[in-house]
Every structure is written in structure tokens, then in C-alpha cells.
Amino acid sequence: MAATAPSPTVAAPSRIDQSLADRLAAIVGARRVLFRPSELLTYTADALPSYFKQPALAVFPGTRDEVIAVVRELAARGVPFVPRGAGTGLSGGALADGVVLVGLNRLTRVISIDHDNMIATVEPGVVNVALSRAVAASGLHYAPDPSSQAACTIGGNVAENAGGPHCLKYGVTTNHILALEVILPNGEIVNLGGTDGENEGYDLVGAFVGSEGCFGIALAITVRLSRNPEAVRTLLADFMSIDAAAQTVSAIVATGIIPAALEMIDQATVRAVESSIYAAGYPTDAAAVLLIELDGAIAGLEHDVETVATHCRANGARTVRIARDEVERTKLWQGRKKAFGAMGRISSHLVVQDAVVPRTKLPEVLARIHHIGQTHRVKVCNVFHAGDGNLHPNIAYDASDADETARVHIAMREIMTLCVDAGGTITGEHGVGLDKISYMELIFSPDSLAAMCTLREVFDPERRSNPGKVVPVHSCREWHMSPAARPSASA
Amino acid sequence: MAHVARCATLGVGMTTSTVSSATDLRDRIRDASARALPLRIAGAGTWLDAGRPVRSVESLSTQSLSGIVDYIPGDLTLTARAGTSLAEIRQEAGKHNQWLALDPHGGDAGTLGATIATASSGPLATAFGTPRDLVLGIEFVTGTGTIARAGGRVVKNVAGFDITRLMTGAWGTLGVITEATVRLHACPQVDETIAVSITGDAPSVDRARQLLRRLPFTPYACEVLNAALSNSVIGRAEPIVLFRLAGNLESVAAQRAALVELGQPFDISPEAWSTLRVAESPMAASGPRGETGPIVFRLSRHPSEIGTTWTEANRVVSGISGALLHATPARGVVRCIVPTTSENLARLGATLDAADSKRIGERLPEQLWAAAFRSRVMTGIPARLKSAFDPRGVLNRGILGDAT
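Residues numbered from 1 in each chain as written. Chains lettered and ligands numbered in written order. Predicted model: local features only at pLDDT ≥ 70, side-chain atom pairs only at ≥ 80, totals over all residues.

Caption draft 1: Molecular detail of the packing of helix α8 (residues 202–214) of chain B against helix α12 (residues 306–316) of chain B. Residues and elements named next belong to chain B. The contact between α8 and α12 brings their axes to 8 Å, and the two run at 140°. Here α12 runs oblique to α8, going by the angle between their axes. In terms of crossing hand, the pair formed by α8 and α12 is right-handed. Each of A202, P203, V205, D206 and R209 in α8 lies in contact with α12, whose residues at this interface are I306, G307, T308, W310 and T311. Looking at the contact of α8 with α12, its residues break down into 5 nonpolar, 3 polar and 2 charged. (Axes fitted to C-alpha atoms, helices over the stretch in contact; angles between N-to-C directions. Helix = DSSP H or I, 4+ residues; strand = E, 2+ residues; numbered from the N terminus. Parallel < 35°, antiparallel > 145°, perpendicular 65-115°, else oblique. Left-handed = near helix turned anticlockwise from the far one by under 90°. Contact = placed C-beta atoms within 7 Å. Nonpolar A, V, L, I, M, F, W, Y, C, P; charged D, E, K, R; others polar.)

Caption draft 2: Molecular detail of the sheet that holds strand β10 (residues 217–224) of chain A. All names here are of chain A. In spatial order, the strands read β5-β6-β10-β8-β9; together these 5 strands make up an open sheet with antiparallel pairing. Because the sheet does not close on itself, it has two edges, and the strands there are β5 (110–114) and β9 (189–193). The sheet shows a mean angle of 10° between the axes of neighbouring strands, taken without regard to direction. When β5 meets strand β6 (residues 119–122), the two strands line up antiparallel, connected through 4 bridges. Bridge pairing in β6 links V110 to V122. Sitting on the sheet, helix α2 (residues 64–77) touches β8 (177–183) and β10, and the angle it makes with β10 is about 140°. Packed on one face of the sheet, helix α3 (residues 128–135) meets β5 and β6 and runs near 45° to β5. (Pairing = 2+ DSSP bridges.)

Caption draft 3: Geometry of the confidence of the model for chain A. Residues and elements named next belong to chain A. Mean pLDDT over chain A stands at 92; residues scoring 70 or higher make up 94%. Residue range residues 1–11 is modelled with pLDDT below 50. Its contacts to residues more than four positions away, or to other chains, number 26 contacts. Segment residues 478–491 is flagged for pLDDT under 50; beyond a separation of four residues in sequence, or across chains, it makes 31 contacts in the model. (pLDDT = per-residue confidence, 0-100.)

Caption draft 4: The arrangement of the environment of E160 of chain A in detail. Secondary-structure assignment places E160 of chain A in helix α4 (residues 154–160). For the pair E160 of chain A and H430 of chain A, spaced 270 residues apart in sequence, the C-alpha separation works out to 6.5 Å. For E160 of chain A, the contacting residues outside a window of four places in its chain are G89, G93, G210, E212, H430 and G431 of chain A together with V158 of chain B.

The following block contains the structure:
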């Protein structure tokens, strides 16, 4: 074994040439290979309009066999690649900078559904909400519900360990993935996890979920389905101060009742939503609203609803409204889920953060975020998963204004540092990707980052899959085993 | 303690020492690595003595690496050193009407680190999942003697690759957990334990599963006990389904009413759950090579096949007097506890080998590992992980099989 880790593979544009394009076209069909810069424009960004990277080539296999053939062809040629689902990510994770982009959104087959055991096996390109629709008739759904669920794919969700409002009660993606069939970057196919009760040995499913496309491509994903709740109650409480709303969150969490969702939307966001086509009827004069959902068996649910409403009022809620029917509930949720889209009306660019803080720190952190915004004269909008402490402070701005852009970036870094200092983390559900890679050293020591590099190299020793993401490259370069622990040359 | 028993079976003298800090542990691992001295890593020695064959001459216990580091009740998270006992966590969290919803078999004397390292869970897994669902972050020392952290102290976190889950259930073979942050839950308003008598045949066990599948709620726990285990846990020598129902008053009343479909429920002391967790402890120690404690293993299939798994478990232990069985219908698992005798070992060697269900050894004499359990050779990604995180094979060598 070498004393040092292999040096990271550098994208070699010379290897991504017409001959590769021709070979890939022979596998997937000429229409499914994009090689001209004008054709690749769509794929230069994800849903975070901050980073633009041009892939050298994009290929769109349509079947499992085509994915395998493509990955093996890339392996044979030593070409780096980036797997991509629907491109709805918010961290720049699915951008291919001068390398090959492998689009998986054509693999949309639900392979099998086992109603009795409440599991389904799907291809990676199945859209999140399409899976829930496919199992709706049996009273089941797939619980993780990122706001982009109408477009994002299960494969992308696995890569990012995606969350969503209802993850407060039901858990994030990793809690719902039972087994994976994966093609490693070297073309080897491995099966991780299993569905027949208990699994022994290393939790390789756990390691793969959230690996942001750096460990290979999932060919088949077996998910746990959840029963549809017997009843759902959605409450909207509005507050005249953000602090009161934040205190209410802590009070609800302390009751032991776990809401299905507990979301906070501040005034700036409410106004953006209410002036858009997604208007949900949120009061625009409130400092913040809480969108709270309780679900489960009918018996006992009203009691919990009353307990939550009582805590809202006791903490200063001006009104507490309960959605009367499914139409009103859908409308209340649409406002929340389309909030990022609504902000598009304010400015051309948007930075989205995803830090998580301990829930007891919410009032203090929110107050300081407001202060940071004022100091740097940028408008911070907060719309987030308050029950988890998962903040999404967003700043809408005009990137053509250099001065404003500079102030936005300073404010963002201060907000991130604030959240980390409060005992939090840099990303709760969006992933590190490109966007937060520079923050990784705020929360992890070089040794911790090096351990991540070690894990990555087990799956992808050449680091060809999604190069340059998640862990800063220099952390890998610096990774040397302690001399004492290094095996002898003959070992 | 039981690792001494392992020494007896291995026929070598094993020394046990403790570590006082993560840096102390790091130095010990570096030293062991330099001397190519394999270490057996243990917590309180209640689970890692499970009989998995480990080749080592020195045992290192993290038990004195203990104490709660950080606990903010409002965050429902708690950080403790690996050697902290579950009992201490239970006591501290209980002061704030909170709890760690993990009830691994063996009781609360076990340590947090070992619970996570072995991914041990108990009946509460029906509602709360296993350690992988409750651990938020860890500090660990790798086989190369590097102290690292993964995850964090908040309830939601996707920063970096998920080494927390990789280490959970890795039996200390990739790194030694020195500290962990776990998610707590608030105690429910009502927490009731009831039982329903059943016939104990496969269809009656499957009826319990079908009911769970259909009901609009998930009980905290649901275990099917055979007559022998029921007798030892609640003093009634008949098969039962034991339920733990929790929530508000109205919810629990409705849950109770819904279970009538299975039979007339009767109230049971909640002590039944702690008794169940240590059901194996009264079994006499009489192994042919001086082993202590009983033989414990689990059989597993899809939950929908719980009837088949139950039948198979009964077949595997048929003719063994006093065999204790309990099934977790929601998880498709049947746990079997059998006294360690020469006859039982011989019988199980044959019957287990013929069983079609997935077999998971929990506490087995070495001869049974060899006779009836899966290949002890690690290949593919597991082997690569082992050689990447513990290149000299210092940590719990062999416990999950040998890397090729």
C-alpha cells in the first residue's frame, strides 16, 4: 500500500473528445449525448443560481444497462463524471466542471412495490412525488418531501440525503432507504443493505446516502413507505415578533408532541409569497408565521392540536387558524413550498443557506441574523424548518451589482459562522456540494476531513465521481496515515 | 466478566485495561499498531462479549471514558462519553421528563458506546428504530490512531460523508467510538403495557403483524413471547403478545380498544420490558468449555413472513427444554435464547444450518459460529473499509470476519 493517498484525478478535457462522444452515442443513441456548448447550457447550473460550470459532455442513459455501459466506458478511459438527477439541488453539487455529466432522469421506472412490507424499489430518476402517487391507492406514501418534490428524483434525494418539512416527524432520506444497487465509478456493481429484516455488518447504505454522487451511481433504490395518516390538521399561527414565534417552537418541541411539520416564515418571505401566484393567505403584517401540521390517528389528535394552539397563544400568537379542508391546507403548504420561487420576483439572484442550530438557540440566532442583514444592508428572508432548527436564511440580490454582491457574501459568511458558533452545522439537507465546501473546515478538523477522504477512496479510489465536491481537495492531499500505523511495504 | 470466558475458550491469558481519554486511547492504539498487537475493544463487557471470535491478547475497555458532556433539555439532544452507562443517561434525562428510546437486550448497565458500536436495539425499535436512527454524531479513534469526528450535535445534518452511520454497528472494527450525541424524546403522557393471549402458532403471530400493518398508530413496542418466555417475564405459561402503548389519554384508550381484535387485553406491569431485556440472565452457565450465559441468536426475514420465521425458530429449538423465543413482528425478527449445553450445541449446529432464514449471531460459542453462521471472510467494500480505517487489523480483529 502506498504511503500517501493517490493524488486527485484532474479532469482531462483531452480525454473527453469526439471519440468518447461517438462511443457513448453508440450506447445511448446520438440524441442522448450533448457535446456542443449551446446544447449544454441547461446543465451549467442547478437550482441555486450562484454557480455556473460547463460540462464537457452530457450523456443521458435510459436504462440500467445503458448506465452500466456508460460508467464502464468512462472508467476504461479514466474520465471523471458527475451524476445528476433533476438538477434541483441547492448546493451546486450536480455541476460538472469540464467533465462528463451523467443525467439519470430518464430512469423513471418503479421496479416493484411490496404493499404488505411497505417497500418499493425504484430507478434513480423516479420523481419524488411520482413515487407517492404510485403507492397512493394502497394508502401509502414516501415520507421525505423536499420542497422540490414535484421535480426532484429519488436518486438525487439519496445523493443529498434530502429532507423536507415532514422530516421533523418522519426522518430524512437516510431513515427511509433500505437497500441500494450501486455501480461504483470503476464499473463494479454492488448491493448494499437488504430488506429481509435485520442487516448485519457495516451500514453501507448509511454510508452511501448523502455521499453527494461521490461514491457512484445508484441503479436501484429500495425505500421504506409510510402509511398515510388517518387524519391531518394544519395550523397557521401568526406573531408580531420573530422572537415570540421562536419561543413557541421551543414550547411545542418541549411538550413531547412531534408535529409532522413545524415551519417558520418571516415577514419578508410572507410578503414575497403573497405578492406572487402562490399567495397562501398569510397575514402580511405579521413579523412571522408558523405553519404547524399534526397528523396520525384521529383518536387523540384534537387534543394535541389544542395543546399546540394553546402554546401558540400563550407565547403571543395573534391568531391561530386551522385549515378547514384539504383545499385550504394545500394552499397553506403551497405558499411554503414555493417560497424560494416567489423570491425570484424580488431579485435576479438568490443565495440560500441551510445551517442548523440547536433549537434553543433559535431566538438568539434569528435576532443576530437580522442584525447582520442590517449591518451589511442586505435583505435576509427566513423560511425554514423551525422544528429541526434548520434555517434557510436567503438573500435575494442583483449579481450585476458588485458592491451588493460583495456585501451579500460577507453577510452570508457571518451568518454561517454565527450558526456554527451556536453549536450548529453548515448544512441540514441541501448538501455541501460546491457551495459549502469552504465552510467544511469551520466544523471539521483536518483529521475528520481526512477520514471522509478515506471513506470516499474506498468507493472511488480515483476520485473520478463528482470530483472536487464535499471535502476540500487539500484535505485529501494532506491525508497521510500515521507512520506508526502504516503497513509495511510487503503487507 | 464474559470476556474472561472468551479467554478460557481461546486458551490464552487476556489482560484488560481501561483508557482515560480519547488521546490516551489514541496513544494505546498507535502503540498496539506499532507492535502489531490486536486489541479487543469493549465497553462494560456486556455485549462485546457476545462470543464473536476475536483474536487478541489485550482487552481495552472504554468504560472509564464516561460522563455526560452536554445536555440541553430544550434541544432534546445529549452528548456523552462512550463509557457512560445507559442507566446514567436514563436517570439524567428522566429528570427532565425525557428519555433515550433505546432498550437493547442486556439492560441499562451497558455503555452508550457499545450500544452504538453494536447497533443494539430492543423492543422499542418498533417505533423508534435502531441506534442508526438516533445517533447524531460521534467522536472516534481509527485503527491508525487518528481522532476524528463525524455528524454533529444538531438533529439534522448532512455536512460531509456519513461516517456516523458507518461506525454505528461496525463493532469497533473501523474505529473506537469515544463520544456520541444522541436524539432524546420527551416522555409520553401515558405509557401503558398490556398483553393479549394468543395460541402461539404461526397464523396467530402473523395476525399480530397484520393488525400492526393496518392500524393508524404504531405502538412503542410489540413483541410476541412463547409460553416459556411469557412464564419467565409475566408468570403466565402461555404465548402472549406484549404491547407498549403511549400517547395522550384518548390516543392510548383508542389503541387499547383496537387491539381487542387480537384478544382481550390485560394490564401488565411495565417492569415486563426490563425483565424481557435480561430474560437470558438466569440461565445456568454450563457450556462444555466453561462458557457462561446462554446461546442467543436471531432469525430474520421480511416482516410479512414473520409466521414462517416463527415456525422455523420453533423448529430450530424443538426438543430443547426451556428455549425462550420472542418475535418482533414489525421488523420480521425472531430472537432465540437457549441454555448452553453440549447437547443443545450439537442440536443447534444441525438445525440452524438447515434454517432458511437469515441468521444473526448475538451470543454464540465459537463452534456454533463455525457450524451455522455465515462465512467469516470479509470481501469487497467491507474488506476495503477495514483495511482503510484499520490497516494493521488492530481493532476487534475477526469480530465481523477477517478481511481477505
